Amino acid sequence: MYRKITIILIYLLIYSSYNCRKSTEAKPTESCFTQKNFDLVYKFVENQNIKTKSKFFKYGDTKVYLGNDKIITLEKGNNYSKIHRKKGIFSLSMYKTKNIEMKEEANRLFCDLVTKANK
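Residues numbered from 1 in each chain as written. Predicted model: local features only at pLDDT ≥ 70, side-chain atom pairs only at ≥ 80, totals over all residues. Heavy atoms only, no water.

Visitor: I'd like to hear about the pairing of strand β4 (residues 79-84), residue by residue, with values.
Guide: By the bridge criterion, six bridges tie strand β3 (residues 71-76) to β4 in an arrangement that is antiparallel. By the bridge assignment for β4, I72 is matched with I83. Connecting β3 to the next strand, β4, in antiparallel fashion are two residues, including G77 with a positive phi near 65°. With four bridges connecting them, β4 and strand β5 (residues 88-91) associate as antiparallel partners. (Pairing = 2+ DSSP bridges. Helix = DSSP H or I, 4+ residues; strand = E, 2+ residues; numbered from the N terminus.)

Visitor: Can you break down the state of the cysteines residue by residue, with the values?
Guide: A disulfide bridge is the covalent bond that connects two cysteines by way of their sulfur atoms. Counted according to the given criterion, the structure contains one disulfide. Across the disulfide, C32 is cross-linked to C111 (sulfur-sulfur distance 2.1 Å). Handedness here is read from the sign of the S-S torsion; for C32 and C111, about -125°, the answer is left-handed. One end of the pair, C32, is in the loop between α1 (2-24) and α2 (35-52); the other, C111, is in helix α3 (residues 96-117), with 79 residues separating them in the sequence. The same class applies to C32 as to C111, namely buried. (Disulfide = S-S within 2.5 Å. Buried < 20%, exposed > 50% of the residue type's maximum accessible area, 1.4 Å probe, protein only.)

Visitor: Describe α3, with residues and values.
Guide: Its 22 residues give α3 an end-to-end C-alpha distance of 31 Å, which sits within 8% of 32 Å, the value for a rise of 1.5 Å per residue. Packed against the buried residues of α3 are α2, β1 (56-59), β2 (62-66), β3, β4 and β5. (Expected span 1.5 Å × (residues − 1). Contact = heavy atoms within 4.5 Å.)

Visitor: An account of α2 is needed here, citing residue identities and associated values.
Guide: Taking 1.5 Å per residue, 18 residues should reach 26 Å; α2 reaches 26 Å between its end C-alpha atoms and fits that length. If you check which residues of α2 are buried, you get N37, F38, V41, Y42, F44, V45, Q48 and N49. For α2, the angular spread of buried residues about the axis comes to 165°, placing them on one side. Seen from the open side of α2, the exposed residues pointing more than 90 degrees away from its buried face are K36, I50 and K51. The inward-facing, buried residues of α2 abut β1, β2, β3, β4 and α3. Phi turns positive one or two residues past the end of α2, at K53, with a value near 55°. (Arc of directions from axis to C-beta.)

Visitor: Explain the pairing of β3 residue by residue, including any values.
Guide: Note that β2 and β3 share four bridges and pair antiparallel. The residue of β3 that forms the bridge with K63 is E75. Connecting β2 to the antiparallel partner β3 that follows it, the hairpin turn spans four residues.

Visitor: Residue-level account of the environment of N49, with values.
Guide: Mapped onto the elements of the fold, N49 is located in helix α2. Take N49: its relative accessible area is 10%, and that puts it in the buried class. For the pair formed by N49 and L66, sequence separation is 17 residues and the distance between their alpha carbons is 9.4 Å. If we skip the residues at most four places from it in the chain, N49 touches S54, K55, F56, F57 and L66.

That is the geometry; function is a separate question.
As structure tokens, this is what we get:
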């Protein structure tokens, strides 16, 4: 009886380990993050906030907040990502798979804002 349970637990451990590795090894999206682009997006969002007299810029279903001159915070529902001028884009999720998804989403949004700011 214990032997069967042990075998099942080992199987589940190996299976879950394989699935986690497989899902986190997805190819990352192309990043358009540079310090120059960060400054461009920061200034664009800052100008939009001045125009709308708001504390954040609403882009689709994401709120874009400006911190000091080195941080942009993205809020989508209860998920937060940060864009740091020197460190780049990162997510504040506790779960690795969610973290990767959020970072890719933040990267796409940042690239969209770069395009929008260049117009």
